[in-house]
Amino acid sequence: MNFFRGVIGGQQAGAQPSGVETIQKLCDRVASSTLLEDRRDAVRALKSLSKKYRLEVGTQAMDHLIRILQTDSSDSEILGYALDTLYNIICSDEEEEQDAVPVKSKSAADDAQRRQEDDIGAQFTERFIQEPENVTLLLTLLEEFDFHVRWPGVKMLTALLKSQCAQVQGIILVSPMGVSRLMDLLADSREVIRNDGLLLLQQLTKGNAAIQKIVAFENAFERLLDIITEEGTSDGGIVVEDCLLLLLNLLKNNSSNQNFFKEGSYIQRMKPWFEVGDDNSGWSAQKVTNLHLMLQLVRVMVSPVNPAGATASCQKAMFQCGLLQQLCTILMATGVPADILTETINTVSEVIRGSQVNQDYFASVNAPSNPPRPAIVVLLMSMVNERQPFVLRCAVLYCFQCFLYKNEKGQGEIVATLLPSTIDANSISAGQLLCGGLFSADSLSNWCAAVALGHALQENLTQKEQLLRVQLATSLGKPPVSLLQQCTNILSQGDKINRRGSKVQTRVGLLMLLCTWMSNCPIAVTHFLHNQENVPFLTAQISENLGEDERLVQGLCALLLGICIYYNDNSLENYTKEKLKQLIEKRIGKENFVEKLGFITKHELYSRAAQKPQPAFSTPEHMLFDHEFTKLVKELEGVITKAVHKSSEEDKKEEEVKKTLEQHDSIVTQYKELIREQDTQLNELKEQVSSLTSQKDQMQSTITQQLSQIQQHKDQYNILKLKLGKDSGQDGAQVNGQLEEVTLLREEVEELRRKHSVLNSQLLEKEALISSLRAEGVQTSEGTAASAGNTELLKEVETLRAQVQSQTAEISQLQRERQELQSRAETTAAVSGDNVDAAKITELENRLSTQSAEIHRLQEEVRSLTESRALMEKDLATASSTATILQTEKSKLQQEVTESKKEQDDLLMLLADQDQKILTLKQKLKDLGETIEDEDDLDARDQSDEDEEEEEDDDDDEDEDEEDA
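Residues numbered from 1 in each chain as written. Predicted model: local features only at pLDDT ≥ 70, side-chain atom pairs only at ≥ 80, totals over all residues. Heavy atoms only, no water.

A. Focus on the overall build of the chain. Scanning the chain from terminus to terminus reveals 43 helices and four strands. The 965 residues of the chain split such that 44% are buried. Sequence separation of at least 24 residues holds for 75% of the intrachain contacts in the chain that already meet a minimum separation of 6. Here the chain has roughly 50,300 Å² of accessible surface; of this, 49% comes from carbon and sulfur atoms. (Helix = DSSP H or I, 4+ residues; strand = E, 2+ residues; numbered from the N terminus. Buried < 20%, exposed > 50% of the residue type's maximum accessible area, 1.4 Å probe, protein only. Contact = heavy atoms within 4.5 Å. Areas by Shrake-Rupley, 256 points an atom, 1.4 Å probe, with all protein chains shown as cover.)

In structure tokens, the structure reads:
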């Protein structure tokens, strides 16, 4: 023990051993000592030497320290010493200090020493992670709750990730429950471990989407938002900043985590972060940093690079929860730091970009001024004010661009403020501010106003034509000029501006505005060409040999002249497509023209502007290109090159092809409209057919029920008839039954006559339909509907044929019944019978007549339903090809109807003979002495009996009244 005291205290007598020798002896002691206390003291001594002798301790003691972690895991003290020593080897104290406090200036020697220290740490880290089991062992030690083990383990793993991030991430990713163990650090009650755990997770989630997803699904969002709320949101300290940085790592460029964040309703929990009071003075640096990160977090969710659907859903959620309203409150508040205001403007820009609801809300926001002004007007005032910071003016331009992005309503409102009928002299409008900036002396204001006005015309032909109406009063006593002419005047008078750089920026902005305005707008091209000075000015600019700064202007002039060719409607005789191309060939040369046109895309600032919608410029001089304009150039460069090289014959052929295509498109459009109308009618008819079919099914079920009831009544009638035959004699019942059957036969004949008339009317309707089809004919385009009508008409013919067959069958049935009745009458002619019970026969007759009436009613309903369905199907018959078929079927039907008429006439003759025979039989019965009464006599007798009974009842009532008196 004296040896260790000497090493630590440095008071041993005699010669002092060197550091390397001491470290060697300590390593031997760690490796050979059997007592835990000896090993612990040796490791503690190595820890004290590890900062001064970092390289020596790392070289000799690393393997021994790793073995200590493996074998002495039961002793938390020695584990803590070993972890601290390894941490000192991998990460020096200088790195810790630089992480905490940034160094403002360093000499070359310090830089060299710093690189050497980093190299040493990277070498030891690489040596440690050569065995993945070492990292797994470190993850296992993090489960220890002891502070002296857990905290050094967190710092050790963080240092490993800083040095060799990708390799350590791969080991942790394949380690079972590796990420889950690290997530438990956020739930530790000791703030120092929780805070260092945040730093560890920040390093762990850098650039690894798989780990980011695992961390997110380990409930990281909920825990981080809880910590931010507990720490005071934007007023919190460095812990809030660490949580926000970790959230940014999890959400940036990770659509899966963004969707999970939105679906978990975590966007709603962001609203309280942006609640600021009336007194915004004295913001701390930490609050500014926190709020800046919070705004970045909102922008991550609605970034233009995200999928369109995901961005739209996040924008909708931000509006519904009031987050957009809260951001607009900060936008209009006073005392907000400039950098926070700039970032807020950028954030609001992306929250409203492409969302009609959010754009409409932003248009309704007013600044708290007297009188209130729209927020858009207040922002544009800052954009065209050269005293405002450059970054703020860029942010306002981006906000205006996002407000007009895919917003035709907003574009119309901006352009309307420039029209003569809507100008209000008492208030400043957005259009007036843009025109003022467009023609001011500040070149940056010229460029910003030109780009902003170009976005009001983007992909909106209506507003391009409306803007041609704008007139400007240049000076007193001179007539007003159009906005288009004033822009070209400024271009041609650009030499009056003293500063060369400013002149280029102004001219570039105006040329971009003119190109955007005239693209896909032949009327604007005609207005531009109508001024005789414009084309010579463009050709002169393109043909000159100017310096590097003017090359971009030449390219834009070539683009504008190409637009005049490509979108020229040849309405001006002096400036047709062909004459403009001849002018280019004579004055400039086609190859030279194409070369000058290519200067635009070859410019270094062009590719930078094409990367993302937000204008990002380091200096005002770099503001030359707009993101949307780069898309326009990419779209037009190829077609303009082809248009310039085409000959007049090719142009004529192309025009003919265009006209043919337009005619074809118009024909296709007409057919599409016709098909839509036919589809609508067909759907309506299908609905009617389905409703009628359902009604028919209901009626069919009702008829089935009625038929079953009729059958039951018939059975009861037969039973009663049998009983009656037994009681009063069979002969009389047969005679009365024959009379009843004769009555039924008469009714059925009448029914057949009615049906016959219905069939005749239906045949007449079919004849009229056939005649109309022959007269009118059918168009070829309705062929599909005609075939469907043919099928329906054939079905109708089959239905009529079936009805005729059923009528024929009914006639045959009546003939058979007549023969049976005749045979029965002849059989009973010679037979005398007893008197018939008249009352029972009358009851049976009444019941039978009721049933017959019910059957007749049901048949009428079926007939009416059939007729309505026939009328419905008749509307679908539109084909002329069925005329011949229907004519043939008509002749067949007429023949069948004629035959049925003959059969009905024969039947009537037979019925007349039957009536004569019945009268003869009655006469014979009278001659034999039988009393045969007619139905009228029976009714009269029944009536007289009822009158006598009523008189007797009245007499009885009078007698009772007298007795009571």
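Next comes the rest of the description.
B. How the structure looks around the pattern of salt bridges. As enumerated under the stated definition, the model contains 20 salt bridges in all. Linking Arg299 and Glu343 is a salt bridge whose minimum nitrogen-to-oxygen distance equals 3.1 Å. Of this pair, Arg299 sits in helix H17 (residues 285–301) while Glu343 sits in helix H20 (residues 338–352), and the two are 44 residues apart along the sequence. Asp442 is the salt-bridge partner of Arg393, the closest N and O atoms lying 3.0 Å from each other. Here the residue Arg393 occupies a position in helix H23 (residues 390–404), and Asp442 occupies one in the loop between helix H25 (430–438) and helix H26 (443–456), the gap between them amounting to 49 residues. Residue Arg393 is classed as buried on the basis of its relative accessible area of 3%. Sharing partners across several salt bridges, the network here consists of Arg40, Asp75 and Glu77. (Salt bridge = Lys/Arg side-chain N within 4 Å of Asp/Glu carboxyl O.)

C. Structural view of the packing of aromatic side chains. Using the criterion set out here, one finds 11 aromatic pairs in the structure. Three or more aromatic residues joined by ring pairs form one cluster here, namely Phe217, Phe221, Phe260, Phe261 and Tyr266. Here the basic side chain of Lys155 rests over the ring of Tyr87, its NZ or CZ set 5.1 Å away from the ring centre. Cation over ring: Lys287 sits above Trp283, and NZ or CZ is 4.5 Å from the ring centre. (Phe/Tyr/Trp six-rings, centres within 6.5 Å; stacked < 30°, edge-to-face > 60°. Lys NZ or Arg CZ within 6 Å of the ring centre and 35° of its normal.)

D. Main features of helix H22 (residues 375–383). In terms of burial, H22 is largely enclosed, as seven of its nine residues are buried. Of all the positions in H22, only Ala375, Ile376, Val377, Leu379, Leu380, Ser382 and Met383 are classed as buried.

E. Region of interest: the environment of Asp569. On the secondary structure map, Asp569 appears in the loop between helix H32 (548–566) and helix H33 (577–587). Sequence separation between Asp569 and Pro522 is 47 residues, and the spatial gap between their C-alpha atoms is 6.1 Å. Not counting chain neighbours up to four residues away, the residues in contact with Asp569 comprise Pro522 and Thr526. Within polar-contact distance, the side chain of Asp569 engages the side chain of Ser571 at 2.9 Å. (Polar contact = N/O pair within 3.5 Å; in protein donor to acceptor, adjacent residues only side chain to side chain.)

F. Looking closely at the nonpolar core. One finds Leu157, Leu182, Trp273, Phe274, Phe362, Leu483 and Leu559 to be the most contacted residues of the largest nonpolar core, which totals 209 residues. Setting aside residues no more than four positions away along its own chain, Leu559 makes contact with Cys515, Leu597, Ile600, Phe629, Val633, Leu636 and Ile640. (Core = buried A, V, L, I, M, F, W, Y, C linked by side-chain atoms within 4.5 Å.)

G. Unusual backbone geometry, seen in detail. In this structure, Met177 takes a positive phi of about 60 degrees despite not being glycine. On the secondary structure map, Met177 appears in the loop between helix H10 (165–174) and helix H11 (178–183). By relative accessible area, Met177 is classed as exposed at 56%.

H. Fine view of the side chain of Asp72. Here Asp72 shows up in the loop between helix H4 (54–71) and helix H5 (76–90). A distance of 3.1 Å separates the side chain of Asp72 from the side chain of Arg39, its partner in a polar contact. Those residues within four positions of Asp72 in sequence are excluded, and the remaining contacts are Leu36, Arg39, Ile78 and Leu79.

I. Spatial organisation of a nonpolar patch on the surface. Together, Leu173, Val174 and Ile214 give the surface a local cluster of nonpolar side chains, amounting to about 250 Å² of exposed area. Here Ile214 shows up in helix H13 (residues 209–217). Relative accessible area serves as the criterion here: at 32%, Ile214 is assigned to the partly exposed category. (Patch = residues over 30% accessible without salt bridge, like charges linked within 9 Å, V, L, I, M, F, W, Y side chains within 5 Å.)

J. Up close: the packing of helix H2 (residues 19–32) against H4. Two elements in contact, H2 and H4, have axes whose closest approach is 10 Å; the angle formed by their N-to-C orientations is 10 degrees. The orientation of H2 with respect to H4, classified from their angle, is roughly parallel. When H2 is examined against H4, the residues Val20, Ile23, Gln24, Cys27, Val30 and Ala31 are found in contact with a partner set consisting of Glu56, Val57, Gln60, Ala61, His64 and Ile68. Residue composition of the contact of H2 with H4, by class: eight nonpolar, three polar and one charged. (Axes fitted to C-alpha atoms, helices over the stretch in contact; angles between N-to-C directions. Parallel < 35°, antiparallel > 145°, perpendicular 65-115°, else oblique. Nonpolar A, V, L, I, M, F, W, Y, C, P; charged D, E, K, R; others polar.)

K. Local environment of helix H15 (residues 238–251). Its 14 residues place the ends of H15 20 Å apart at the C-alpha level, agreeing with the 20 Å of an ideal helix rising 1.5 Å per residue. Tucked into the core, H15 has its buried residues touching helix H12 (191–204), H13, helix H14 (220–230), helix H16 (255–263) and H17. Directly beyond the C-terminal end of H15, a positive phi value near 55 degrees is found at Asn253. (Expected span 1.5 Å × (residues − 1).)

L. Local environment of the packing of H22 against H23. Interhelical geometry of H22 versus H23 gives an angle of 140 degrees and a closest axis separation of 8 Å. Accordingly, the angle class assigned to the pair H22 and H23 is oblique. Handedness of the H22/H23 crossing: left-handed. Side by side, H22 and H23 meet where Ile376, Leu379, Leu380, Ser382 and Met383 of the first sit next to Arg393, Val396, Leu397, Cys399, Phe400 and Phe403 of the second. A class-by-class count of the residues in the contact of H22 with H23 yields nine nonpolar, one polar and one charged. (Left-handed = near helix turned anticlockwise from the far one by under 90°.)

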